[in-house]
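Each chain is listed here by its residues.
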Amino acid sequence: MASVSVEAVRKRYGALEVIHGIDIKIPDGEFVVLVGPSGCGKSTLLRMIAGLEEISGGVVRIGDKVVNEVPSKDRDIAMVFQNYALYPHMTVRENMGFSLKLRKAERGVIAERVKKASQILGLDPYLERYPKQLSGGQRQRVAMGRAIVRNPQVFLFDEPLSNLDAKLRVQMRTEIKALHQQLKTTSIYVTHDQIEAMTMADRIVVMHDGIVEQIGSPLELYEQPANLFVAGFIGSPAINLIHGKLRRDGTRNWVATDAGVDLPLDGNAAGQDGQPVVYGIRPEHLAPSDSSGLPVTVSVVEPTGASTFVYADLSGAQICGVFAEHHGIHPGNRMNFMPRLDRVHLFDAGTGKRLAG
Amino acid sequence: MSPRKAFDEARLMLVGVLILIWTLIPIYHLFVMSITPQAEAFAGAVWPKSPTLDNYTTVLTQGHYFLGHFWQQLFNSAMVAVAVAVLTLTVGACASFAISRLRVRIGETVSNLALLTYLIPAAFLAIPMYATMGQYGLLGSRWSLILTMVTFASPYAIWMLRQYADKLPYELDEAARIDGASPIQIFWLIYLPLMMPSMVAIGTYALLLAWNEYLYAFLLLSADTEITLSVALGHFLSTDDAPWNLLMATGIIYALPPAAIYYAFRRYMVAGLTAGAVKS
């Protein structure tokens, strides 16, 4: 096992730069998730760590060793691909033992390691089958088995669950996390699914347009998003963001929207009077209220069973509230959404950065 | 079945039967002549009065002036065909691996140039090829024919194998690289096993192309012990009273190996001829 360090890494295709100097330090044994919308450069970054893409600038270290010029096969890493990339002409046993065979390991050693891995993953009954005889979830397990027999320094996962159906995805997510807790191998996991990121990661790296927007634990990103992008990306349904001007009159603070609605703030909000800001409140931090709060007109009600999503109109702005109870809300109702003031996020409207407070 | 549909089916059947007869008549003719005694050769009968296998005996025992080197010439044909198939597959497999998997820079150009060579009819190159082989001092040697046929078969092999190779997911190569495989190991352990069906199809194509070749074999080879059976068959016609029945018996024997190969590999041939056609 080893730490991984990415220092000022850039990627250029000709004149086009797609990754603009990224710094990430991953301590030994950590499970890090790279998350972001498609095209943000997360897969490219992973492939540079794997040695499948050249590094145009900066340094990648695995352990203490700079690996920029080291070919993939000598980096002592294992990778799980989105489409599994199992060798179709080899049995499960041969697929899992392939890397050891290439390293000229003794037969006994290969058999033993494959057996151990197949027991961990519950693949024992399938060792003599070919990939085409397996279901999607089983193939995904074989791909992971192929990675763990190597006992590598680092695991790399490139959207490994994207090809599975929703139910299996949730199950495999838990399995991968359990596997990591058992093996404690440093892991870098790429996904575009923020739920996957939130549930699996020790730390999340949010990427956007080739830069890192924020690095932090799942709860840090949720509770203290550094900017509008992270606030909007993490959380489902997405955070409500309302433009307005910060007002303070000495006794209280609020945000005045252009439509003339006053959004309440608590006493110690940062920023100056008159500063254009974006007011962020997550749907789950709104509570239904009869008298006080934001006056809205309900437009759509979506019951999910466990909770109810209520989409409503706030003087022209669409906002969403998530409530544990249904409360008998119907489209057309006029009601109030009361924000939890300690959960309000304020961002500078110009830079998009979080206002400290 | 409605009368309308039955009528349509009957019309199709009729067309099919006509095409079948059209195709089979020459083969039937070939066969009938090969079992007809010399005396009856031009009687024009649909079935000979006294059918005989004597012609085959004569051929197999080399019992005629034109058949003096029958076994040697059959061997020459086989040796040339197998050598052409092996060399073409070697060239095609290496080139398609370099173009599709190693993604060398000029790969695309090579691939397109290979296709371009098909704009030039093979017969156009007869004189240049003859001159080239003369310069190499290979005229009259079976190697001249082998090298020529490899030259003609390789562009097609490269083009087709490259089409197949492009269909193998590139992640397999990447997975193998991360598993610790060198390019040579990827070629032997991943690429060749997965390409086997298309290699069989292309190998069969090259084999039959060389087996059936007449023009270049006639041009480049001269000694009776070096020529292939196709050229030897041509020699039958160099006299006025050609022994047609022996010619036909030899022809049947000559046609059997390709028929057997087609039959054995028909599954690959059909897949090979269609799969490369459409790039999915």
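Residues numbered from 1 in each chain as written. Chains lettered and ligands numbered in written order. Predicted model: local features only at pLDDT ≥ 70, side-chain atom pairs only at ≥ 80, totals over all residues.

To continue, consider the sheet that holds strand β18 (residues 317-323) of chain A. Strand pairs in the sheet, formed through backbone hydrogen bonds, run parallel or antiparallel to each other. Residues and elements named next belong to chain A. One open sheet accounts for 5 strands, arranged β15-β19-β16-β17-β18; its pairing is antiparallel. For this open sheet the edge positions go to β15 (286-289) and β18, each flanked by a neighbour on one side alone. Strand-to-strand, the axes of this sheet are offset by a mean angle of 45°, without reference to chain direction. Sheet analysis places strand β16 (residues 294-303) next to strand β17 (residues 308-314), joined by 6 bridges and oriented antiparallel. From the neighbouring strand, Thr297 faces β17, where its bridge partner is Asp313. (Pairing = 2+ DSSP bridges. Helix = DSSP H or I, 4+ residues; strand = E, 2+ residues; numbered from the N terminus. Axes fitted to C-alpha atoms, helices over the stretch in contact; angles between N-to-C directions.)

Before going further, it helps to examine the interface of chain A and chain B. The accessible area lost on association of the parts is a frequent measure of interface size. In this assembly, 17 residues from chain A lie in contact with 14 residues from chain B. The residue inventory of the side of chain A that touches chain B, partitioned by class, reads 11 nonpolar, 4 polar and 2 charged. (Contact = placed C-beta atoms within 7 Å. Nonpolar A, V, L, I, M, F, W, Y, C, P; charged D, E, K, R; others polar.)

What follows deals with the packing of helix α2 (residues 92-102) of chain A against helix α3 (residues 107-121) of chain A. Residues and elements named next belong to chain A. Running from N to C, α2 and α3 point in directions that differ by 130°, and their axes come no closer than 10 Å. As summarised for this structure, α2 and α3 are arranged oblique, according to the angle between their axes. You can see that α2 and α3 cross each other, and the crossing is right-handed. For the pair α2 and α3, contact is made by Arg93, Met96, Gly97, Leu100 and Lys101 and by Val109, Ile110, Arg113, Val114, Ala117 and Ser118, respectively. Counted by class, the contact of α2 with α3 contains 6 nonpolar, 2 polar and 3 charged residues. (Parallel < 35°, antiparallel > 145°, perpendicular 65-115°, else oblique. Left-handed = near helix turned anticlockwise from the far one by under 90°.)

It is worth spelling out the domain arrangement of chain A at this point. All names here are of chain A. Here chain A is partitioned into domain 1 (4-232) and domain 2 (237-348). If you look at the interface, domain 1 gives 5 residues, while domain 2 gives 7 residues. Of the residues contributing to the side of domain 1 that touches domain 2, the split by class is 3 nonpolar, 2 polar and no charged. (Domains from an automatic or database assignment.)

So, about the pairing of β18 of chain A. All names here are of chain A. Both β17 and β18 contribute to a ladder of 7 bridges, which runs antiparallel. When the bridges of β18 are listed, Leu314 appears paired with Ala317. Hairpin remark: β17 followed by β18, antiparallel, with 2 residues in the connecting loop; positive phi at Ser315, about 45°.

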